[in-house]
Amino acid sequence: MKTIFEKTGLDEEKDNRIYEMASEILNRGGLVAFPTETVYGLGGNALDGEAAAKIYAAKGRPSDNPLIIHIADIDALKVLCSEIPPLAYSLAEHFWPGPLTMIMKKTEIVPHATTGGLDTVAVRMPNNRTALELIRRSGVYVAAPSANLSGRPSPTKAEHVRQDMDGRIDMIIDGGNGDIGIESTIIDLTDKVPVILRPGYITKEMLEAVIGPVDIDKAVALGKQSDAPPKAPGMKYRHYAPRGEMVIVEGKDPDCVTEKINRLAAQKKKEGMKTGILATDETEPFYKADYVISVGTRGSELSISSHLFDVLRQFDDLGVQYIVSEGFSRENVGYAIMNRLLKAAGGKIINTDESEE
Ligand code: AMP
Ligand code: MG
């Protein structure tokens with residue numbers, strides 16, 4: 001399949017043509033990758049089971065891992081969800097368009113092919129002009145997981161999508177880079193107390209300020225070991241992972257952390273591995289490895305979240321076999337950043353306050 005590439009935001013007439021072409025593709029059951037404020041999505045018609053099947057095939061994604069449906073209009077909730085608790089509307093009012101996905105009971109018209117066989121459906125209104133225009137103009141409810149090959153870091157640039165999806169889908173729309181860079185917060189509204197199934201930019205505290213107490217699914221809670229299967233099926237799969245082996249180092253004393261990271265990198269280099277260190281602007285000068293890349297400044301959570309997946313992909317492109325990453329505070333968006341980093345590292349973390357070697 002030949003994949004069409006187009007860039008929006010250059011001139012209005014061209015944008016119109018791009019949206020027309022993309023709408024036509026979505027309406028005939030094809031696939032279009034598009035930008036959102038979180039990561040790039042791989043879109044297909046959510047009400048068309050065959051289109052959903054194509055999404056799974058293009059990503060190599062297990063078919064029990066449900067898709068998020070993207071909408072541009074709050075009225076779509078009534079079409080897609082059969083039980084809408086009042087707090088869904090409060091959340092929509094506060095956080096939509098934005099990086100929050102809500103899970104509710106689905107209606108009959110949503111095929112099980114889209115929901116991974118579940119009777120619930122995940123819905124979100126993205127805060128990105130290109131995404132909203134595409135959804136509005138096509139008149140399609142757009143099922144869209146992240147537009148990466150299953151298991152790879154999510155794409156935050158059109159170029160990432162090209163690397164993974166060229167030749168596998170009909171069209172890629174380049175609409176620039178998302179400013180958030182990590183996937184939406186997912187909240188399940190089907191229980192008495194709402195549960196966060198995936199942490200993201202919208203934090204537990206932000207949600208609680210609007211709707212009162214919110215739980216975090218045990219399987220995604222940081223720092224707690226749980227054998228309970230995650231309620232968001234996608235969270236059980238290896239995710240966000242660079243090709244190289246990865247470990248996180250954290251601790252109270254920044255000098256100890258720097259020293260430990262340098263020592264690990266030196267040791268692996270001696271063993272013949274190509275090494276990389278995921279640093280921050282503040283610490284970058286103190287490291288030594290084959291590649292030292294700063295993910296952003298510690299002064300801004302968004303600078304870190306928005307570059308995280310790109311840096312993991314850069315290590316892949318450079319053929320890095322062993323990556324050591326600094327850890328981050330688990331406060332606010334840091335919680336979601338550490339969730340992604342821990343997944344990328346397969347849970348491997350060293351705390352210099354505890355380890356004595
Ligand atoms: P992605 O689209 O790649 O960001 O992945 C979508 C995530 O949403 C996966 O982790 C899914 O498991 C989760 N998800 C989507 N629909 C549901 C649902 N109905 N119930 C629970 N989790 C869901
Ligand atoms: Mg994904």
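Reference entry: report on the structure contained in this document. Note that this is a predicted model, so its numbers are computed, not measured.

## Section: the pattern of salt bridges
- Inspection of the entire model under this criterion finds 20 salt bridges.
- The partner of arginine 28 in a salt bridge is glutamate 24, and the shortest N-O contact between them spans 3.2 Å.
- Of the residues examined, glutamate 24 reaches a relative accessible area of 44% and is grouped as partly exposed.
- Residue lysine 268 pairs with glutamate 271 through a salt bridge whose shortest N-O separation is 3.8 Å.
- For glutamate 271, a relative accessible area of 51% translates into the label exposed.
- The network of salt bridges with common partners includes Arg152, Asp164, Arg313 and Asp316.

## Some words on the nonpolar core
- If you look at the biggest cluster of nonpolar residues, it comprises 59 residues, and the most contacted ones within it are Ile71, Leu91, Trp96, Leu100, Met102, Ile187 and Leu207.
- When sequence neighbours within four positions are dropped, the list of residues in contact with isoleucine 71 reads Ala76, Leu77, Leu80, Trp96, Val123, Arg124, Met125, Pro126, Leu132, Ile135 and Tyr141.
- Of all hydrophobic cores here, the second largest spans 29 residues; its members include Ile182, Ile304, Ile337 and Met338.

## Structural notes on the packing of helix α1 (residues 12-27) against helix α6 (residues 129-138)
- Their axes nearest at 9 Å, the elements α1 and α6 cross at an angle of 55 degrees. What the angle tells us is that α1 and α6 run oblique. Pair α1 / α6 crosses with right-handed handedness. Across from Asn16, Tyr19, Ala22, Ser23, Leu26 and Asn27 in α1, the residues of α6 making contact are Arg129, Thr130, Glu133, Leu134, Arg137 and Ser138.
- Looking at side-chain class alone, the contact of α1 with α6 contains 4 nonpolar, 5 polar and 3 charged residues.

## Describing the environment of proline 86
- By secondary structure assignment, the location of proline 86 is in helix α4 (residues 86-95).
- Exposure remark for proline 86: the relative accessible area of 67% places this residue in the exposed category.
- A C-alpha to C-alpha distance of 9.9 Å links proline 86 and isoleucine 211, two positions 125 residues apart in sequence.

## Describing the pairing of strand β11 (residues 195-198)
- Bridge count for strand β10 (residues 185-188) against β11 is 3 bridges, and the pairing is antiparallel. If you follow isoleucine 187 over to β11, its bridge partner there is isoleucine 196.
- As consecutive antiparallel partners, β10 and β11 are separated by 6 residues.
- Regarding topology, helix α8 (residues 204-211) serves as the crossover connection from β11 to the parallel strand β12 (residues 215-216), and that connection is right-handed.

## What to know about the packing of aromatic side chains
- This structure, assessed with the given rule, holds 0 aromatic pairs.
- Across the ring face of phenylalanine 5, the terminal group of arginine 162 is positioned such that the distance to the ring centre comes to 3.9 Å.

## Re unusual backbone geometry
- Of note, the bond from tryptophan 96 into proline 97 is cis; its omega dihedral lies within 30 degrees of zero at -10 degrees.
- If you trace the backbone, proline 97 turns up in the loop between α4 and β6 (100-106).
- Unusually for a residue other than glycine, asparagine 332 sits at a positive phi of about 50 degrees.
- Inspection of the secondary structure puts asparagine 332 in the loop between β16 (322-326) and α11 (333-344).

## Here we look at the sheet that holds strand β17 (residues 349-351)
- Overall, parallel pairing links the 5 strands, which are arranged β15-β14-β16-β13-β17 in an open sheet. Two strands in the sheet have a free side with no partner beyond their single neighbour: β15 (291-294) and β17. Geometrically, the sheet is characterised by an average inter-axis angle of 20 degrees between neighbouring strands, direction not taken into account.
- In this structure, strand β14 (residues 275-279) lies alongside β16, joined through 4 bridges in parallel fashion. For glycine 276, the partnering residue across the bridge sits in β16 and is isoleucine 323.
- Most of the contacts of helix α10 (residues 301-317) go to β14, to which it runs at about 170 degrees, and overall it touches β13 (245-250), β14, β15 and β16.
- Contacting β13, β16 and β17, α11 runs over the sheet at an angle of about 140 degrees to β13.

Rules used throughout
Residues numbered from 1 in each chain as written. Chains lettered and ligands numbered in written order. Predicted model: local features only at pLDDT ≥ 70, side-chain atom pairs only at ≥ 80, totals over all residues. Heavy atoms only, no water. Salt bridge = Lys/Arg side-chain N within 4 Å of Asp/Glu carboxyl O. Buried < 20%, exposed > 50% of the residue type's maximum accessible area, 1.4 Å probe, protein only. Core = buried A, V, L, I, M, F, W, Y, C linked by side-chain atoms within 4.5 Å. Contact = heavy atoms within 4.5 Å. Axes fitted to C-alpha atoms, helices over the stretch in contact; angles between N-to-C directions. Helix = DSSP H or I, 4+ residues; strand = E, 2+ residues; numbered from the N terminus. Parallel < 35°, antiparallel > 145°, perpendicular 65-115°, else oblique. Left-handed = near helix turned anticlockwise from the far one by under 90°. Nonpolar A, V, L, I, M, F, W, Y, C, P; charged D, E, K, R; others polar. Pairing = 2+ DSSP bridges. Right-handed = clockwise from strand over helix to strand, strands pointing away. Phe/Tyr/Trp six-rings, centres within 6.5 Å; stacked < 30°, edge-to-face > 60°. Lys NZ or Arg CZ within 6 Å of the ring centre and 35° of its normal.

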